[in-house]
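So the chains spell out like this:
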Amino acid sequence: MTKKTKEAAAPALPLNSILDGDCIDIMNSLPECSVDLIFADPPYNLQLKGELHRPDNSKVDAVDNDWDQFESFKRYDEFTHAWMTAARRILKPNGAMWVIGSYHNVFRMGTELQNQGFWILNDVIWRKSNPMPNFRGMRLTNAHETMIWVSKTEKSKPTFNYEALKALNEGTQMRSDWVLPICTGHERLKNEAGDKAHPTQKPESLLHRVLVGSTNPGDVVLDPFFGTGTTGAVAKMLGRDYIGIEREAEYRAVAKKRLAKIRKFDNEALEVSQSKRAEPRVPFGQVVERGMLRPGEDLWSVNGRHKAKVRADGTLIAADSKGSIHQVGAACENAPSCNGWTYWHYRRDGKKVPIDLLRQQIRSEMRAN
């Protein structure tokens, strides 16, 4: 008789921590299909030729760090292929990823995303309201960066909080061009010498919009190029779990200090506007069953021109039609469709009240339970 061996438990995710090391190796060590969202701000591979100076001859603190240097486009493409392969493995089936880059690298990343089977949902232009000017005066001011939002596969169903983004945009559908400032002033982190802690620190406003729009509280957000921790800071505030990967000790130290000061918003503040399609479905018959409206009670149209009677099975009967609240409303208006919940009203104390208030009452009770 052979002895059964106990299967090893899957390694636990190192939630809310900053991991030291190469992002490819670390992502390959994490459990498969374990992360909800990845936000990746990889090296830009800037092709800078010499130092940059302002008109007053002061030196520009440009991105000239070793981690941004690649000997050729081929080496950069190999690096991109490797980290995206590792990232795709750890994404959940309905997971998604955002990558951000400049004109130096974003097109190469876009090609690799499609080669690997990611499905592009949107490209988003982050238009900087306060961009750094082109000091040499040889090109246009580089006033934007591009983000690419992808799902793991074409059939994935990633989180998209449409109504929440619409609310952020004063009730107007969020567009794919976002006007937000770069890091300046109090948000720009400094090192002990008083210099910028990181040359490409992203503003919290950018990550706030990304995470509110494409994650939910409790989701796991991974940033393989963590830097000084903007992704982690916003994730922590918004009640998401984060995993940061950063090989530079100086950046890890700044991020750790930053994250220690962050406090999560209270649960009520973390709730966002939901799509009406996500609300629990309430049949009109349930309103009748619960006695909130009685069979035989009259309903009036929103314009007051039509009247219908409630029947015991949750249908209505009007002068020339009978059927659901939607069917009868459409027939009364000679329209192809009608939202009966907002069209029909009942009378209480001499006032017309939309029947939708009764639906909202039931939904409120369902959420409480």
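Heads up: the structure comes first, above all this text.
A brief report on the enclosed structure follows. (Residues numbered from 1 in each chain as written. Predicted model: local features only at pLDDT ≥ 70, side-chain atom pairs only at ≥ 80, totals over all residues. Heavy atoms only, no water.)

## Topic: the overall build of the protein
Which entries qualify depends on this criterion: Secondary structure elements follow DSSP: runs of H or I no shorter than four residues count as helices, runs of E no shorter than two count as strands, and numbering proceeds from the N terminus. Three exposure classes are used, based on accessible area relative to the maximum for each residue type with a 1.4 Å probe and protein chains only: buried under 20%, partly exposed in between, and exposed over 50%. Residue contacts are defined here by distance: any two heavy atoms, one from each residue, within 4.5 Å place the two residues in contact. Computed with a 1.4 Å probe, the accessible areas rest on the Shrake-Rupley method; for each residue, only the protein chains presented here act as cover.
Along the backbone of the protein there are 12 helices and 14 strands. The buried share of the protein, reckoned over its 369 residues, is 44%. Taking the contacts inside the protein whose residues are at least 6 apart along the sequence as the reference set, 68% of them involve residues at least 24 apart. Counting every atom, the protein has about 20,800 Å² of accessible surface; 49% of that belongs to carbon and sulfur.

## A few points about the pairing of strand E14 (residues 351–354)
As a general feature of sheets, a regular strand has side chains that alternate between the two faces. Put simply, the rule reads: A strand pair is defined by DSSP finding two or more bridges across the two strands.
Direction of pairing for strand E13 (residues 344–348) relative to E14: antiparallel, over a ladder of four bridges. Its bridge partner lying in E14, arginine 347 is registered against lysine 352. Taken together, E13 and the strand that follows it, E14, pair antiparallel across an intervening segment of two residues, in which aspartate 349 is found at a positive phi of about 55°.

## Brief notes about the sheet that holds strand E3 (residues 91–101)
Counted only if it meets this: In this description, a line fitted to the C-alpha atoms serves as the axis of each element, helices being fitted only across the stretch in contact, and the angle between N-to-C directions of two axes falls anywhere from 0 to 180 degrees.
On the basis of which strands lie adjacent, the open sheet formed by eight strands has the order E1-E8-E7-E2-E3-E5-E4-E6 and mixed pairing. Bordering the open sheet on either side are strand E1 (17–19) and strand E6 (177–180), each of which pairs with just one other strand. Along the sheet, successive strands turn relative to each other by an average axial angle of 20°, direction set aside. The pairing of strand E2 (residues 35–40) with E3 spans five bridges and is classified as parallel. In the sheet register, phenylalanine 39 faces E3, and the bridge partner there is tryptophan 98. Against the sheet, helix H3 (residues 106–116) engages E3, strand E4 (119–128) and strand E5 (144–151), with an angle of about 165° to E3. Along the sheet, helix H7 (residues 249–260) makes contact with E1 and strand E8 (241–245), crossing E1 at roughly 175°.

## What to know about the packing of helix H5 (residues 204–214) against helix H6 (residues 230–237)
The condition is simple: Roughly parallel means an angle under 35 degrees; roughly antiparallel means over 145; roughly perpendicular covers 65 to 115; every other angle is labelled oblique. In a left-handed crossing the near helix is turned counterclockwise from the far helix by less than a right angle, and in a right-handed crossing that turn is clockwise. Each residue gets one of three labels, nonpolar for Ala, Val, Leu, Ile, Met, Phe, Trp, Tyr, Cys and Pro, charged for Asp, Glu, Lys and Arg, and polar for the others, Gly among them.
For the pair H5 and H6, interaxial distance at closest approach is 9 Å and the crossing angle is 55°. Judged on the interaxial angle alone, H6 and H5 are oblique. Between H5 and H6 lies a crossing whose hand is right-handed. Residue-level inspection shows Glu204, Leu207, His208 and Leu211 of H5 in contact with H6, the latter providing Thr230, Thr231, Ala233, Val234, Ala235 and Met237. A breakdown of the residues in the contact of H5 with H6 according to their chemical character gives six nonpolar, three polar and one charged.

## Quick word on the packing of aromatic side chains
Let me state the cut-off plainly: Ring pairs are drawn from Phe, Tyr and Trp, using the six-membered ring of Trp, whenever the two centres fall within 6.5 Å, and their geometry is named by plane angle: stacked under 30 degrees, edge-to-face over 60, tilted for the rest. By definition, being over a ring means that NZ of Lys or CZ of Arg is both within 6 Å of the ring centre and within 35 degrees of the ring normal.
For the coordinates displayed, the defined rule picks out 10 aromatic pairs. Where tyrosine 76 meets phenylalanine 79, the ring centres are 6.2 Å apart and the plane angle is 50°; that geometry is what we call tilted. Taken together, the residues tyrosine 76 and phenylalanine 79, both in helix H2 (residues 73–90) and three residues apart, mark about one turn of the helix. Judged on exposure class, the residue tyrosine 76 and its partner phenylalanine 79 are both buried. Over the ring of tryptophan 126 we find lysine 128; its NZ or CZ atom is 5.1 Å from the centre of that ring. A cation over a ring is seen here: arginine 347 above tryptophan 300, with NZ or CZ 4.5 Å from the ring centre.

## Examining the pairing of E13
The sheet contact formed by strand E9 (residues 298–301) and E13 spans two bridges and is antiparallel. By the bridge assignment for E13, serine 301 is matched with tryptophan 344.

## Description of the side chain of serine 102
Mapped onto the fold, serine 102 is located in the loop between E3 and H3. Assessed through its relative accessible area of 6%, serine 102 is described here as buried. Beyond its immediate sequence surroundings of up to four residues, serine 102 is in contact with Tyr44 and Leu46.

## Observations regarding H3
Heads up, the rule is: Summarising the geometry, the arc corresponds to the directions from the helix axis toward the C-beta atoms.
Listed as buried for H3 are Val106, Met109, Gly110, Glu112, Leu113 and Gln116. Projected down its long axis, H3 carries its buried residues within an arc of 165°, all on one side. Of the exposed residues in H3, the ones pointing more than 90 degrees away from its buried face are Phe107, Gln114 and Asn115. On the buried face of H3, the contacting elements are H2, E3 and E5. Positive backbone phi, at 100°, marks glycine 117, one or two positions downstream of H3.

## Quick word on unusual backbone geometry
Of note in the backbone geometry, asparagine 16 takes a positive phi value of approximately 55° without being a glycine. Structurally, asparagine 16 is set in the segment before E1. The phi torsion at glutamate 170 lies on the positive side, around 55°, for a residue other than glycine. Residue placement: glutamate 170 occurs in the loop between helix H4 (162–168) and E6.

## What to know about the sheet that holds strand E12 (residues 322–323)
Remark on secondary structure: sheet strands pair via backbone hydrogen bonds, oriented parallel or antiparallel. Spatially, E12-E11-E10-E9-E13-E14 is the arrangement adopted by the six strands of the open sheet, whose pairing is antiparallel. At either margin of the open sheet sits one strand with a lone partner, and together these are E12 and E14.

## Brief notes about the nonpolar core
Definition in use: To qualify as a nonpolar core, a set must consist of buried Ala, Val, Leu, Ile, Met, Phe, Trp, Tyr and Cys residues joined through side-chain atoms within 4.5 Å.
Counting 31 residues, the largest nonpolar core has Trp98, Met147, Trp178, Leu206, Val210 and Leu211 as the members making the most contacts within it. Of all the elements, H5 adds the most residues to this core, at five residues. If sequence neighbours within four positions are ignored, tryptophan 178 has contacts with Trp98, Val124, Ile125, Trp126, Arg127, Met147, Leu206, Arg209 and Val210. Counting 30 residues, the second-largest nonpolar core is a separate cluster that includes Val35, Ile148, Val220 and Ile245.

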